[in-house]
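Examination of the molecular architecture
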Amino acid sequence: MKPRSSRRLGLVAVAGACALLAGPAAGEPGKAADLIVRDGLIYAGDDAPPVRGDVVVIGDRIAAVGRRAARGYTAARVIEARGRIVAPGFIDPHTHPDSYIRSTDPDRRVAAPWAYQGVSTIFIGADGYGTPDIAGEARRFTEAGVGVNLVPYVGFGAVRGAVLKQDARAPTPDELEAMKRLVARGMCEGALGFSTGLFYAPQSFATTEEVIALAREAAVRGGIYDTHQRDESSYGVGLMGSVAEVLRIGREAGLPVHFAHIKALGVDVQGQASQVIKAIEQARAAGQDVTADQYPWAASGTSLDAALLPRWAVDGGRTALLARLDDPATLARIQAEMRENLRRRGGADSLLLTSADHAWTGKTLAETARAYGLEPVDAALKILRDDGGAMVASFNMIEPDIRLFMRQPWVVTGSDGSDGHPRQFATFPAKYARYVKAERVITVGEFIRGSTGRTADMFGLKDRGYLRPGHFADVVVLDPEAYAPRADYVRPRELSTGVQALVVNGRLVLDDGKATGLRPGRVLLKTPPAGTCG
């Protein structure tokens, strides 16, 4: 049985070359357009082969696209795209862009790390961090202006934290109802769905049943369940136990599920990608809607405390943690569990400290420990005490798993872009440069499809993800030879190269490879089904 999804209802699939036909207005003498992208190699976002042609933009929409589509049009701005790839703006379904989109600096709100990759739409509120105040967020972003489109989630972490703070306990019936109301509020105000980060405290303190109860609030309002699953490694329930939990939540809550940054993390589970894929394929064959995104990096990105501290140690927040560290017996227990967590991560040489402007920035935990004259776990505790923590790049995945996940037709590209990790600045070009051009794991067409139309279809983004007449004019023009990452693990904040132009809602965010300063992004809100919101 082919999986069906409420998020796909109402989408009309236009097959093959139909997507590359000019709109009915093409060819009218002297018809005025706002922008013409001329004579590029057009990948429309579907499975059709590319066609050399034009894209015509009027206002915020595509007016015509395909061979000789610009004939008869005039425009004040014409981009000559011969030798360039022209595609829908890329869609990044999992990001952590707060330091950009919430900045008081309008230039930072352009969201350059994504724009220079060719990304026109990003999802926010991932890993359970999305506020229930979707309406307020949308208003603030609209008033301030952002460079790319934003798709919000309502997040379990924000909801649980509002009601239960950082406590490791079950909610009372009244508290559960309060959390359900917050999820419902977020959905009724336009959230795409309900996101969780069950690996992170305080979300990790929740039972599966608690999550299901809240996910149902998203389900009845047409939402999806997006998750950083409880265990991508062997911390607790294990990778396969965690996969089973995700699938159970989707079945019992009655909504599509999406695995964020799918992976097999750490020495205990490396090589288990095939088992994860088998479980998901079985669920899909049974009619369940299951998808995933993936970034093309061997190192994940997280915080030092999330990587190493046992979850019970952070029950109650930082003040409670510091009190436990001051107790010798409790400290010894924490140290022992941290050593085991460090082992499953691959050791102190596998953790690169990435937070900016510290003496240890750009060094491994092993190097930092030697500089301090401490054991690695004690060096980590010193950083947690003295500096409040650190972000880390954790080298814990193997190439066969990365490539196997990448080939699945239900996996799309997502950056998980967070400060201090090169994936924030370079995920899409890194995938293109290595896995398309150098190693040919996937084709150019597959790369673009999994960055555009397939992603739009997965999440029900109306009139996005394709170059078609009537669709919103989110367009990227890139040089196939120059499109490449510059960021790496040591220098993670280098802008990528090769994007000649990025159009968002008909406006040029990048022109001739440079930021224009325009911020035409919109908050894309989901309309819940009639009768589901009071």
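Just so you know, the residues in each chain are numbered from 1, in the order the chain's sequence is written. Given that the model is predicted, a residue must reach a pLDDT of at least 70 before its local features are reported, and side-chain atom pairs must reach 80 or more before they are shown or counted; all residues, however, enter totals for whole chains, interfaces and linings. Side-chain numbers here rest on the full set of heavy atoms in the structure, without hydrogens or water.

1. Notes on the overall build of the protein
Under the convention used in this document: A helix here means a DSSP run of H or I that spans at least four residues, while a strand means a run of E at least two residues long, and both kinds are numbered starting from the N terminus. For a compact globule the rule gives 2.2 Å times the number of residues to the power 0.38, and the radius of gyration it is set against comes from C-alpha atoms. Working definition of accessibility: Shrake-Rupley area with a 1.4 Å probe, residue cover restricted to the visible protein chains. We treat Lys and Arg as the positive residues and Asp and Glu as the negative residues; His and chain ends play no part in the count. All charge positions are set by atom: Lys at NZ, Arg at CZ, Asp at CG, Glu at CD.
Within the protein one finds 17 helices and 21 strands. For the protein, whose C-alpha radius of gyration is 23 Å, the value lies close to the compact-globule estimate of 24 Å for 534 residues. Principal-axis analysis of the C-alpha atoms gives the protein an extent of 85 × 55 × 45 Å. Counting only carbon and sulfur atoms, one obtains 52% of the accessible surface of the protein, whose full area is about 19900 Å². In the protein, which carries 65 positive and 61 negative side-chain charges, the distance between the mean positions of the two groups comes to 4 Å.

2. Observations concerning the sheet that holds strand E15 (residues 351-353)
How we decide: We treat two strands as partners when DSSP finds at least two bridges between them. Orientation is described by lines fitted to C-alpha atoms, with helices fitted over the stretch in contact, and by angles between N-to-C directions that extend from 0 to 180 degrees.
Read across the sheet, 3 strands follow the order E14-E16-E15 without closing on themselves; strand pairing throughout is antiparallel. The sheet is open, and its two edges are formed by strand E14 (299-303) and E15, each paired on a single side. Here the strands of the sheet are splayed against their neighbours by 30° on average, with no regard to which way each runs. Of the strand pairs in this sheet, E15 and strand E16 (residues 391-395) are connected by 3 bridges, and their pairing is antiparallel. Bridge pairing in E16 places Leu 351 opposite Ser 394.

3. Looking at the sheet that holds strand E8 (residues 149-152)
As summarised here, the arrangement of the 3 strands in space is E6-E7-E8, forming an open sheet in which the pairing is parallel. In this open sheet, the two strands that pair with only one neighbour each are strand E6 (90-92) and E8. Geometrically, the sheet is characterised by an average inter-axis angle of 20° between neighbouring strands, direction not taken into account. Two elements, strand E7 (residues 119-124) and E8, share 4 bridges in a ladder whose sense is parallel. Considered in E8, the bridge of Ile 124 is made with Pro 152.

4. Quick notes on the layout of surface pockets
For the record, the criterion: Here a cavity means grid points, on a 1 Å grid over the protein atoms only, where a 1.4 Å probe fits yet cannot get out; a pocket means an open set of points with protein on both sides within 12 Å along at least five of seven lines; lining residues are those with an atom within 4 Å of a point. Grid points are joined across faces, edges and corners, and a volume is the space filled by probe spheres set on the points.
Size it by volume and the second largest pocket reaches roughly 960 Å³. Sorting the residues of the lining of the second largest pocket by element identifies helix H1 (98-101), helix H3 (134-144), helix H4 (156-164), E14, helix H9 (304-308) and helix H10 (318-325) as the ones contributing at least two each.

5. As for the side chain of Gln 500
To keep things clear, this is the line we draw: Pairs of N or O atoms within 3.5 Å make up the polar contacts considered here, provided that, within protein, one atom can donate a hydrogen while the other can accept it, and that residues adjacent in sequence are counted only when both atoms are side-chain atoms. Contact criterion: two residues are considered in contact whenever any of their non-hydrogen atoms come within 4.5 Å of each other.
Position of Gln 500 relative to the elements: it lies in strand E19 (residues 499-504). One polar contact links Gln 500 to Arg 84, side chain to side chain, over a distance of 3.0 Å. Apart from the residues lying within four places of it in its own chain, the contact partners of Gln 500 are Ile 79, Glu 80, Arg 84, Val 477, Leu 478, Leu 510, Asp 511, Asp 512 and Gly 513.

6. Considerations on empty space enclosed by the protein
The criterion, for reference: For this classification, the nonpolar set comprises Ala, Val, Leu, Ile, Met, Phe, Trp, Tyr, Cys and Pro, the charged set comprises Asp, Glu, Lys and Arg, and every other residue, Gly included, is treated as polar.
Applying the stated criterion across every chain, the model contains 1 cavity of 30 Å³ or more. Considering only enclosed or pocket space, the largest cavity measures out at about 100 Å³ in volume. Lining the largest cavity are 16 residues, with Phe 199, His 228, Glu 232, Leu 265 and Arg 345 positioned closest to its centre. In terms of residue count, E14 provides more of the lining of the largest cavity than any other element does, 3 residues in total. Counted by class, the lining of the largest cavity contains 5 nonpolar, 6 polar and 5 charged residues.

7. Let's talk about the packing of helix H11 (residues 328-344) against helix H13 (residues 376-386)
When two helices pack together, their arrangement is given by the angle between the helix axes and by the axis-to-axis distance. Convention followed: An angle below 35 degrees is treated as roughly parallel, one above 145 as roughly antiparallel, one from 65 to 115 as roughly perpendicular, and anything else as oblique. It is the rotation of the near helix from the far one that decides the hand of a crossing: anticlockwise by less than a right angle makes it left-handed, clockwise makes it right-handed.
Closest axis-to-axis distance for the H11/H13 pair is 9 Å, and the angle between their directions is 110°. Classed by the angle they form, the pair H11 and H13 counts as roughly perpendicular. Crossing hand, H11 versus H13: right-handed. Here Leu 331, Gln 335, Met 338, Arg 339 and Leu 342 of H11 lie close against H13, whose contacting residues are Pro 376, Val 377, Asp 378, Ala 380 and Leu 381. Broken down by class, the residue content of the contact of H11 with H13 amounts to 7 nonpolar, 1 polar and 2 charged.

8. Observations concerning the pattern of salt bridges
The condition that has to hold: Salt bridges are counted wherever a side-chain nitrogen of Lys or Arg sits within 4 Å of a carboxyl oxygen of Asp or Glu. The cut-offs for exposure are 20% and 50% of the maximum accessible area for each residue type, with area from a 1.4 Å probe on protein chains only; residues under the lower value are buried, those over the upper are exposed, and the others partly exposed.
Under the counting rule described, the total for this entry stands at 38 salt bridges. Among the ionic pairs, Arg 102 bridges to Glu 137, the shortest N-O distance being 2.7 Å. Placement of the pair is Arg 102 in the loop between H1 and helix H2 (112-115) and Glu 137 in helix H3, with a sequence separation of 35 residues. On the basis of relative accessible area, Glu 137 is assigned to the buried category, the value being 11%. The closest approach of N and O atoms between Arg 486 and Glu 494, which form a salt bridge, is 3.2 Å. Judged by its relative accessible area of 44%, Arg 486 is partly exposed. Looking at Glu 494, the relative accessible area reads 26%, which means it is partly exposed.

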